[in-house]
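Tertiary structure, described
Read off the chains here:
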Amino acid sequence: MEKCIESILIGGEEVEILIVNDGSKDRTAEIADAYEAKYPTICRAIHQENGGHGEAVNAGIRNATGRYFKVVDSDDWVDPDAYMAILEKLREYDSDDNCLDMLLSNYVYEKEGAKHKQVMRQSGVPKDKEFTWNDKLRFFKGQYILMHSVIYRTSMLRECGLVLPKHTFYVDNIYVFNPLPVVEKMYYLDVDFYRYFIGRDDQSVNEAVMIRRIDQQMKVNKLMIDQFVSWNIENKQLYRYLYNYVEIITAVSTVMCIIDGSDELLQKRDDLWKYIKDSDEKLYKKLRRGIFSRTFNMPGKVGRKFGVSMYHIGQKVVGFN
């Protein structure tokens, strides 16, 4: 956590660092208070009962006073040069009549033991320029924005009523997904800003951990389905992007159940697809016809084995988990 905070401190007085101690049993509270005492005009310690990652983000949104809001997990950090470029760009949009709803940048998989660091760029959107959903965008299948890539306008997060569920993992997806229909002005700055540490055995994106927490993955998946079904999205590009997001999250839920292979999790997979069908049969049929569903829902043990193999190929290519 100290490495994380130190990497953000170089932003100086322009940046407010909210250190949320979400009921931690280690030295988090002590470290947070120490930084607040040392940098009282920059750092603020927030102490609360444990509510999980989502409630920690909620606390940040409630307490933030800055124009823009960025979540940085405690075991990650930011690149100093990219950070300066980000701040310089945000200075250009620091007024009520000229501000961005969303700033995108790159993130880097800092995978433990890996020599090659995979850089995740924002494909399909104009680079180093302002754009909206009405511009010509080219999203590829399975593309979706991660929390690591995004900086949102703080007031927009409040205005759209974003509140993440407590005691739930994988709410990063809801954080990015739910505000998108109210996002208008966007900018993609092609810099490698966020350094995403990955590789701990207990990390939430670890495959074995995801399988153990499949109920929470399913909960997030269903909440996103509910939200998507409730919207009447007229902009075709925005609809396509939101649909792609739902499709890939549903694919992840599905493949985790298949990797486990137990009767219990295969039933959970079937229950998820029934939930989608009951929620919106048109959406269900479209998802079932999609490439991910056809790949991961092939019948029989051989079909499931093929789906898992394709998932692991993607895992190696991209470097996730």
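Each remark here, short or long, concerns the structure printed above.
Right, let's walk through the structure included here. Quick caveat: nothing in here was measured; it's all calculated off a predicted structure.

1. Things to note about the overall build of the protein chain
The secondary structure content of the protein chain amounts to 13 helices and nine strands. In the protein chain, which comprises 321 residues, the share counted as buried stands at 51%. Of the contacts made within the protein chain by residues no fewer than 6 positions apart, 75% connect residues no fewer than 24 positions apart.

2. Observations concerning the pattern of salt bridges
Scanning the model with the defined rule gives 16 salt bridges in all. For glutamate 55, the salt bridge identified is with arginine 62, shortest N-O distance 3.1 Å. Residue classification places glutamate 55 among the buried positions, given a relative accessible area of 10%. Across the salt bridge formed by aspartate 101 and arginine 153, the nearest N and O atoms sit 2.8 Å from each other. Placement of aspartate 101 in the loop between helix H4 (80-91) and strand E5 (102-111) and of arginine 153 in strand E8 (residues 150-153) is noted, with a sequence separation of 52 residues between them. Residue aspartate 101 is classed as buried on the basis of its relative accessible area, which comes to 7%. Relative accessible area serves as the criterion here: at 13%, arginine 153 is assigned to the buried category.

3. Details of the packing of helix H8 (residues 214-230) against helix H10 (residues 263-279)
Interaxial distance between H8 and H10 falls to 10 Å at its minimum, and their mutual angle equals 10°. In this view, H8 runs roughly parallel relative to H10, as classed from their interaxial angle. Contacts from Ile214, Asp215, Met218, Asn221, Lys222, Ile225, Asp226 and Val229 in H8 reach Leu265, Lys268, Arg269, Leu272, Tyr275, Ile276 and Ser279 in H10. Of the residues that constitute the contact of H8 with H10, the class distribution is eight nonpolar, two polar and five charged.

4. Considerations on the side chain of arginine 269
Relative to the elements of secondary structure, arginine 269 occurs in helix H10. Residue arginine 269 is classed as buried on the basis of its relative accessible area of 13%. A distance of 3.1 Å separates polar atoms of two side chains, one belonging to arginine 269 and the other to aspartate 270.

5. Structural notes on unusual backbone geometry
For residues that are not glycine, phi is negative in most cases, and the peptide bond is trans in most cases. Backbone geometry at aspartate 128 places phi at a positive 55°, although glycine is not the residue there. Mapped onto the elements of the fold, aspartate 128 is located in the loop between strand E6 (118-120) and strand E7 (129-131). Its identity is not glycine, yet histidine 167 carries a phi of approximately 50°, on the positive side. Examined against the element boundaries, histidine 167 turns out to sit in the loop between helix H5 (154-159) and helix H6 (172-177).

6. Side note on the packing of aromatic side chains
Aromatic ring pairs are defined here through the distance separating the ring centres and the angle between the ring planes. Under the defined criterion, the tally for this structure stands at 17 aromatic pairs. Residues tyrosine 107 and tyrosine 109 carry aromatic rings whose centres are separated by 5.5 Å and whose planes lie at 75° to one another, so their mutual orientation is edge-to-face. Each of the two residues, tyrosine 107 as well as tyrosine 109, counts as buried. One aromatic cluster in this structure is built from Trp133, Phe139, Tyr144, Phe177, Trp231, Tyr241 and Tyr245.

7. Let's talk about the packing of H8 against helix H9 (residues 236-260)
Across the interface, H8 lies against H9 with an axial gap of 10 Å and an inter-helix angle of 155°. When the axis of H8 is compared with that of H9, the two are roughly antiparallel. Crossing handedness for the pair H8 and H9: left-handed. For the pair formed by H8 and H9, the contact residues are Ile214, Gln217, Met218, Asn221, Met224, Ile225 and Phe228 on the first element and Tyr239, Leu242, Tyr243, Tyr245, Val246, Ile249, Thr250, Val252, Ser253, Met256 and Cys257 on the second.

8. Things to note about the nonpolar core
Core analysis: the largest hydrophobic core is formed by 65 residues, its most contacted members being Met102, Trp133, Tyr152, Tyr175 and Leu180. Sorting elements by how many residues they give to this core places H9 first, with 13 residues. Once you skip the residues sitting within four places of it in the chain, tyrosine 152 turns out to touch Arg67, Tyr68, Phe69, Asp101, Met102, Leu157, Tyr175, Val176, Pro179, Leu180 and Val183. Counting residues in each nonpolar core, the second largest holds 29 residues, with Cys4, Ile8, Val15 and Leu90 among its members.

9. Remarks on the pairing of strand E9 (residues 186-198)
In regular strands, side chains alternate between the two faces of the sheet. Counting buried positions along E9 yields eleven of 13 residues, so the element is predominantly enclosed. Here strand E4 (residues 77-78) pairs with E9 via two bridges, running antiparallel. Residue pairing in the sheet places tryptophan 77 in a bridge with arginine 195 of E9. Looking at chain direction, E5 and E9 are connected through nine bridges and run parallel. Bridging from a neighbouring strand, glutamate 110 pairs with phenylalanine 197 of E9. Bridge analysis of E7 against E9 gives three bridges, and the strand direction is antiparallel. Opposite phenylalanine 131, over in E9, you have methionine 186 as the bridge partner.

10. Focus on the pairing of strand E1 (residues 17-22)
A large share of E1 lies buried, amounting to five of its six residues. Where E1 lies against strand E2 (residues 43-48), six bridges are found, and the strand directions are parallel. Within the sheet, the bridge partner assigned to isoleucine 19 lies in E2 and is alanine 45.

Reading the values: rules and limits
- Residues numbered from 1 in each chain as written.
- Predicted model: local features only at pLDDT ≥ 70, side-chain atom pairs only at ≥ 80, totals over all residues.
- Heavy atoms only, no water.
- Helix = DSSP H or I, 4+ residues; strand = E, 2+ residues; numbered from the N terminus.
- Buried < 20%, exposed > 50% of the residue type's maximum accessible area, 1.4 Å probe, protein only.
- Contact = heavy atoms within 4.5 Å.
- Salt bridge = Lys/Arg side-chain N within 4 Å of Asp/Glu carboxyl O.
- Axes fitted to C-alpha atoms, helices over the stretch in contact; angles between N-to-C directions.
- Parallel < 35°, antiparallel > 145°, perpendicular 65-115°, else oblique.
- Nonpolar A, V, L, I, M, F, W, Y, C, P; charged D, E, K, R; others polar.
- Polar contact = N/O pair within 3.5 Å; in protein donor to acceptor, adjacent residues only side chain to side chain.
- Phe/Tyr/Trp six-rings, centres within 6.5 Å; stacked < 30°, edge-to-face > 60°.
- Left-handed = near helix turned anticlockwise from the far one by under 90°.
- Core = buried A, V, L, I, M, F, W, Y, C linked by side-chain atoms within 4.5 Å.
- Pairing = 2+ DSSP bridges.

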